[in-house]
Amino acid sequence: MSQLNPDVDHLLRRAGFGASEADAETFRDMSLANLLSHLVDYEGWPDDVDARIGRPDHVQVTSRDLFAPDIDIDDARQRWMFRMIHTRRPLQEKMAMFWHNHFATAYSKLTADSGNLQAAKMLAYKPGALRGPQGQIELFRQLALGNYRDLLLQVAMDPAMVVWLDGQFNTKGKPQENFGREVMELFTVGVGHYTEPDVYAAARVFTGWNLRESVGYSDRDMNAYKEFIYNADEHETSAKTFSFPISSDGNRTIPSRSASAGIQDGYDLITALAVHPETARRLARKFWNFFISEVYQPDPGFVEAAANVYLQNRTEIKPVIRYVLTSPWFHLPEMQYARYAWPAEYVARAIKEVGWQNFSLDKVRAPLAAMGMLLFEPPNVGGWPLGAGWFSTGTMLARTNFAATLAANQKDNLAVELESNGGAPQDLLTAMLRRVTPAPFDPAPQQALMSYLVAGGAWTGSESQLNTRAAGLARLLVGSSEYQLI
């Protein structure tokens with residue numbers, strides 16, 4: 001694989017999951033502007049990736065029975081990884097993962113309420129053969145770069161979120177505070193920009209935002225489902241006053257309304273929170289950490305500029321991400337390899353770069369859990385500990401073990417594909433560094449890689465030597481500290 005322009009490679013790592021050999025052929029001669037449009041305006045590309053599951057030239061999936069990612073969470077995890085690797089819309093999957101962490105919802109609690117099948121369906125169901133509302137991750141794909149106010153509203157009505165934050169128990173006689181607190185603390189303005197009385201007022205706003213079950217509901221019936229309902233009889237109708245403006249004229253009170261009209265309370269509060277300047281700044285800081293750097297603190301100039309784009313575009317996310325990916329900060333040399341790879345990013349990128357022939361995604365679920373990121377299972381409502389928090393002795397060992405498993409699986413393919421680069425050890429190292437893209441090595445580890453290649457005798461480039469050294473080199477590179485940065 002010929003080396004991509006470093007700026008192109010940087011953009012593909014941050015707005016996608018790196019580049020496979022086929023990706024490199026597609027993007028090699030593409031300008032940065034055209035690549036950005038390709039990534040951001042992804043609606044022009046078919047979302048046909050699920051239809052390619054099972055093709056022999058793609059990464060494989062393995063199931064205990066019939067592959068059923070709409071109702072089996074282990075199969076759903078494999079489908080999502082398949083999408084990260086093979087999608088024609090990498091930024092859509094990247095943003096779905098971002099929102100999955102931002103609106104962290106865990107399968108384990110949903111199972112306690114609704115059983116394994118319905119919990120999987122609430123998170124992963126892609127509308128088609130079965131009945132019921134789309135799963136939460138499909139919502140994140142649908143509105144990945146959409147309007148944030150609309151996304152907040154849909155999340156508030158999402159069955160998985162209603163169960164996760166106990167909204168089905170939010171009644172006028174006993175307002176439930178969980179969603180009212182988290183919609184401010186985690187989803188919008190953040191700590192320091194709301195008060196405890198605001199939490200109680202928000203709980204009252206969302207009274208009656210409950211769930212109902214389909215007729216004949218059973219937690220083991222594939223066509224059964226839970227869906228959002230506004231239960232007017234359980235809505236608390238009095239006025240609710242907040243410490244921040246609710247309307248554009250500065251009024252801080254949601255007026256008293258009849259129970260039948262009370263759902264508007266939630267619309268008013270969500271709109272007020274979505275357009276709050278602190279929500280804009282908080283999202284800007286999160287986008288800095290996700291797309292630009294976790295090594296460098298968000299630049300105040302960037303935060304204000306990105307927040308202004310968000311507010312000027314009425315909470316549309318696509319213009320904000322376009323700004324982020326074209327901002328001067330994104331293209332600074334020091335921002336390359338200045339972000340820690342989330343485990344799912346690490347695994348998807350490694351498979352794309354090393355290879356996937358006859359490799360099954362069933363082999364990544366346990367390693368991802370050991371790395372600290374079991375998809376659909378964030379540890380709490382705050383999401384995963386990001387940045388350097390991904391790394392410990394145990395999680396780094398899980399990464400290096402995965403590198404060894406993948407390299408061993410692709411041993412024969414690597415030897416064949418790199419045969420023309422086996423004339424000298426330096427040629428093999430250069431070719432592998434074009435294929436597998438770690439951060440630049442310092443001289444000492446670079447020399448250690450060369451020493452590995454020539455250990456055990458003179459280099460001949462024989463089939464036996466390539467079989468051993470190509471896979472070993474891939475293992476060392478993917479398991480290196482330099483590869484943990486994107």
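Our structure is the block above this text.
Basis of the calculations
- Residues numbered from 1 in each chain as written.
- Predicted model: local features only at pLDDT ≥ 70, side-chain atom pairs only at ≥ 80, totals over all residues.
- Heavy atoms only, no water.
- Helix = DSSP H or I, 4+ residues; strand = E, 2+ residues; numbered from the N terminus.
- Rg over C-alpha atoms; globule rule 2.2 N^0.38 Å.
- Buried < 20%, exposed > 50% of the residue type's maximum accessible area, 1.4 Å probe, protein only.
- Contact = heavy atoms within 4.5 Å.
- Areas by Shrake-Rupley, 256 points an atom, 1.4 Å probe, with all protein chains shown as cover.
- Lys, Arg positive; Asp, Glu negative; His and termini not counted.
- Charge placed at Lys NZ, Arg CZ, Asp CG, Glu CD.
- Core = buried A, V, L, I, M, F, W, Y, C linked by side-chain atoms within 4.5 Å.
- Axes fitted to C-alpha atoms, helices over the stretch in contact; angles between N-to-C directions.
- Parallel < 35°, antiparallel > 145°, perpendicular 65-115°, else oblique.
- Left-handed = near helix turned anticlockwise from the far one by under 90°.
- Phe/Tyr/Trp six-rings, centres within 6.5 Å; stacked < 30°, edge-to-face > 60°.
- Lys NZ or Arg CZ within 6 Å of the ring centre and 35° of its normal.
- Expected span 1.5 Å × (residues − 1).
- Pairing = 2+ DSSP bridges.
- Salt bridge = Lys/Arg side-chain N within 4 Å of Asp/Glu carboxyl O.
- Polar contact = N/O pair within 3.5 Å; in protein donor to acceptor, adjacent residues only side chain to side chain.

This part covers the overall build of the protein chain. Counting its regular elements, the protein chain contains 23 helices and 4 strands. Against the globule reference of 23 Å for 486 residues, the protein chain gives a C-alpha radius of gyration of 24 Å, in line with a compact fold. Along the three orthogonal principal directions, the C-alpha set of the protein chain runs to about 85 × 55 × 40 Å. Across the 486 residues in the protein chain, those meeting the buried criterion constitute 56%. Across the protein chain, contacts joining residues at least 24 apart in sequence account for 72% of those joining residues at least 6 apart. Taken as a whole, the protein chain presents about 19000 Å² of accessible surface, with 51% of it coming from carbon and sulfur. Of the side-chain charges in the protein chain, 46 are positive and 55 negative, and the distance between the mean point of each set is 1 Å.

With that settled, consider unusual backbone geometry. With a phi angle near 65 degrees, D166 is a residue other than glycine that sits in the positive phi range. Note that D166 resides in the loop between α10 (159-164) and α11 (178-185). With a phi close to 70 degrees, T315 is a non-glycine residue in the positive phi region. Mapped onto the secondary structure, T315 falls in the loop between α15 (300-312) and α16 (317-326).

As a further point, take the nonpolar core. Ranked by internal contacts, the top residues of the largest apolar core, which has 152 residues, are M95, W99, F287 and I351. Ranked by residue count, the leading element in this core is helix α14 (residues 277-292), at 8 residues. Beyond its immediate stretch of four places on either side in the chain, W99 contacts F140, L143, A144, Y148, L151, L283, F287 and I317.

Packed helix pairs are specified by the crossing angle of their axes together with the interaxial distance, meaning the distance between the axes. At a closest axis distance of 10 Å, the pairing of helix α21 (residues 425-435) and helix α22 (residues 443-454) adopts a crossing angle of 125 degrees. Taken together, α21 and α22 sit at an angle that is classed as oblique. Considering how the two elements wind past one another, α21 and α22 form a crossing that is right-handed. Contact residues: P425, Q426, L428, L429 and L433 in α21; Q446, L449, M450, L453 and V454 in α22.

Of all 10 residues making up helix α12 (residues 196-205), 7 are buried, and the element is well covered by its neighbours. Within α12, the full set of buried residues consists of D198, V199, A201, A202, A203, R204 and V205. Buried residues belonging to α12 abut α11, β1 (209-213), β3 (240-241), β4 (253-254) and α13 (263-274).

Let us now look at the packing of aromatic side chains. Applying the stated criterion to the full structure yields 29 aromatic pairs. The ring of Y337 has R13 sitting right over it, with the charged end atom 3.9 Å from the ring centre.

Right, let's get into the packing of α14 against α16. For the pair α14 and α16, interaxial distance at closest approach is 11 Å and the crossing angle is 50 degrees. The angle between the axes of α14 and α16 places the two elements in the oblique class. The hand of the α14/α16 crossing is right-handed. In this structure, α14 contributes F287, F291 and I292 to the contact, and α16 contributes I317, V320, I321, V324 and L325.

Here we come to α13. Here α13 is 12 residues long and its end C-alpha atoms lie 17 Å apart, about the 16 Å a rise of 1.5 Å per residue gives. Every buried residue of α13 is accounted for by D265, G266, D268, L269, I270, A272, L273 and A274.

Residues K226, F228 and Y230 point to one face of strand β2 (residues 226-230) and are all buried, whereas E227 and I229, pointing to the other face, are not buried. Note: β1 against β2, 5 bridges, orientation antiparallel. Among the inter-strand pairings, W209 is bridged to a residue of β2, identified as Y230.

What follows deals with the pattern of salt bridges. Side-chain pairs of opposite charge can arise where the charged atoms are in close proximity. Following the criterion strictly, the structure yields 39 salt bridges and no others. The closest approach of N and O atoms between R257 and D265, which form a salt bridge, is 2.6 Å. A relative accessible area of 0% means that D265 is categorised as buried. Connected via shared salt-bridge partners are D47, D50, R83, E93, K126, E138 and R141.

Okay, the side chain of S293 next. Examined against the element boundaries, S293 turns out to sit in the loop between α14 and α15. Polar side-chain contacts of S293 include one of 2.9 Å to the backbone nitrogen of V295. With sequence-adjacent residues up to four places away left out, S293 is seen in contact with R14, W288, M335, A338 and R339.

Let's shift gears to the environment of A51. With respect to the helices and strands, the residue A51 is situated in the loop between α3 (32-40) and α4 (73-86). A residue is classified by how much of its surface remains accessible, and A51, at 69% relative accessible area, is exposed. Each C-alpha atom of the pair A51 and Y346 lies 24 Å from the other, and the pair is 295 residues apart in sequence.

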